[in-house]
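Summary of the model geometry
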Amino acid sequence: MDSYRNIKMQKRAKLVLSTALITVLALFFLFPLVWMVVSSLKPEAQIYNDITSWKAFVPSLKVSEWGKVYGSLFQRFNIFRFILNSLIYASCVTAGSVFINSLAGYGFSRFNFKGRKLIFGLLLATLVIPGEAILIQQFQIVKSFGILNTPLAVILPGLASPFYIYMFKNFFDSISKNVMESAQIEGAGMFRIYWQIMLPMAKPAIATVGTLAFIGSWNDYLWPLMVLTDSDKFPLQVAITNIQNTQPVYMNQVMALLTISTVPLVVIYIIFQKYLIQGMGSAGTGEK
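Everything numeric in this text was worked out from a predicted model, so none of it was measured. All residue numbers here refer to positions counted from 1 along the written sequence of the relevant chain. Per-residue local features of the predicted model are confined to residues with pLDDT of at least 70, and side-chain atom pairs are confined, for both listing and counting, to 80 or more; whole-chain, interface and lining totals are unaffected and use all residues. With hydrogens and water set aside, each side-chain value is computed from the structure's full complement of heavy atoms.

**Observations regarding helix α8 (residues 162-173)**
Elements are defined by DSSP. Helices are runs of H or I of four residues or more, strands are runs of E of two residues or more, and each kind is numbered from the N terminus. One fewer than the residue count of a helix, multiplied by 1.5 Å, yields its expected span. If you check α8, its first and last C-alpha atoms are 16 Å apart, about what twelve residues at 1.5 Å a residue would give, namely 16 Å. Only protein chains enter the accessibility calculation, which uses a 1.4 Å probe; a residue whose area is less than 20% of its type maximum is buried, one above 50% is exposed, and one in between is partly exposed. Of all the positions in α8, only Tyr-164, Ile-165, Met-167, Phe-168, Lys-169, Asn-170, Phe-171 and Phe-172 are classed as buried.

Have a look at this one:
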């Protein structure tokens, strides 16, 4: 009986300790985020007055002041335009990534063609190449197509990804071939099987690729900066840098702008968290 109690107490102690460590770690990562949001809800002078005390993590006690920073920010800059640009780019990249990469993954999974393993191996090998190493080549290709300073220059290079193709192939491999054979017996073609049967069954993979593609496009800064020259076409991340360099610079407005750029990512993650975890877990195992 005593040994049972000791084991139970040890388990409880481990649970308390692990919970405490996770809580401390979570707070450590949340501190910058909390400070950013709070700083966007107080006057400029108050940010610097409170920066060395615990009040730095407390918003202005006057609720009426919370919206003033955002109001002045939207009056100074065309924030709605930049948000709309980012939404258009991210939405197009997300939809295109799901369609193109799932179609490629379906091809590698269900079609037996000569050199399939070699091509797929070479495709995965490109994952070790840093994206920055091929930016110049991508820029030259976009320039040769004559689409510089257009939304297509931002969207097209982000549509295909070896990692996303790998994720879809892994997921399609886990689906029984009997499903496809039954559909073929009923007279369904290969594309119809993909569109009406295989793709609806790949919801975790779709959610994972869609979420990662949206976040990657929304956070992209260097590529849009390279291919866009018209400031009206800038996404929010590029506009943030320009706004930070526009005098006078107000810290609370910068924090408000960063908060605005963070909110969509948090919302997307919360909505698709379940599928994202499930999809990432199945990516390496090939299981649903």
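That was the structure; now back to the text.
**A short note on the packing of helix α4 (residues 79-110) against α8**
Viewed as axis vectors pointing N to C, α4 and α8 meet at an angle of 50°, and their least axial separation amounts to 7 Å. Comparing the axis directions of α4 and α8 gives the class oblique. Of the two elements, α4 crosses α8, and the hand of that crossing is right-handed. Contacts from Ser-97, Val-98, Asn-101, Ser-102, Ala-104, Gly-105, Tyr-106, Phe-108, Ser-109 and Arg-110 of α4 reach α8 at Tyr-164, Ile-165, Phe-168, Lys-169, Phe-172 and Asp-173. Three categories are distinguished: nonpolar for Ala, Val, Leu, Ile, Met, Phe, Trp, Tyr, Cys and Pro, charged for Asp, Glu, Lys and Arg, and polar for the others, with Gly belonging to the last. Across the contact of α4 with α8, the residue classes tally to eight nonpolar, five polar and three charged. Axis definition: a line fitted to C-alpha atoms, over the contacting stretch in the case of helices. Angles run 0 to 180 degrees between N-to-C directions. Angles below 35 degrees are treated as roughly parallel, those above 145 as roughly antiparallel, those between 65 and 115 as roughly perpendicular, and all remaining angles as oblique. Helix crossings fall into two classes, left-handed where the near helix is turned counterclockwise from the far one by less than a right angle and right-handed where it is turned clockwise. Working rule for contacts: check all heavy atoms of both residues, and any pair within 4.5 Å makes them a contact.

**Thoughts on the nonpolar core**
Residues Leu-73, Ile-79, Tyr-106, Phe-172, Ile-193, Leu-236 and Leu-257 are the most contacted members of the largest nonpolar core, which totals 53 residues. The biggest single contributor to this core is α4, with eight residues. The contacts of Tyr-106, once residues within four sequence positions are left out, are Phe-111, Phe-172, Met-180, Met-190, Ile-193, Tyr-194 and Met-198. Put simply, buried Ala, Val, Leu, Ile, Met, Phe, Trp, Tyr and Cys residues joined by side-chain atoms within 4.5 Å make one nonpolar core.

**Let's talk about the packing of aromatic side chains**
Centres within 6.5 Å are what make two rings of Phe, Tyr or Trp a pair, Trp counting through its six-membered ring; a difference in plane orientation under 30 degrees is then read as stacked, over 60 as edge-to-face, and the rest as tilted. All chains considered together, the criterion is met by 14 aromatic pairs. Ring geometry for Tyr-106 and Tyr-194: centres 5.3 Å apart, planes at 40°, overall tilted. Remark: Tyr-194 occurs in helix α10 (residues 190-201) and Tyr-106 occurs in helix α4; sequence separation between them is 88 residues. Given a relative accessible area of 3%, Tyr-106 falls into the buried group. Since its relative accessible area comes to 0%, Tyr-194 is described here as buried. For the ring pair Phe-108 and Phe-113, a centre distance of 6.0 Å and an interplane angle of 50° mean the geometry is tilted. By relative accessible area, which is 11% here, Phe-108 ends up buried. Taking the relative accessible area as the measure of exposure, Phe-113 reaches 37% and is therefore partly exposed. Ring pairing ties together the aromatic residues Phe-99, Tyr-106, Phe-111, Phe-168, Phe-172, Phe-191, Tyr-194 and Trp-195, which thus form one cluster.

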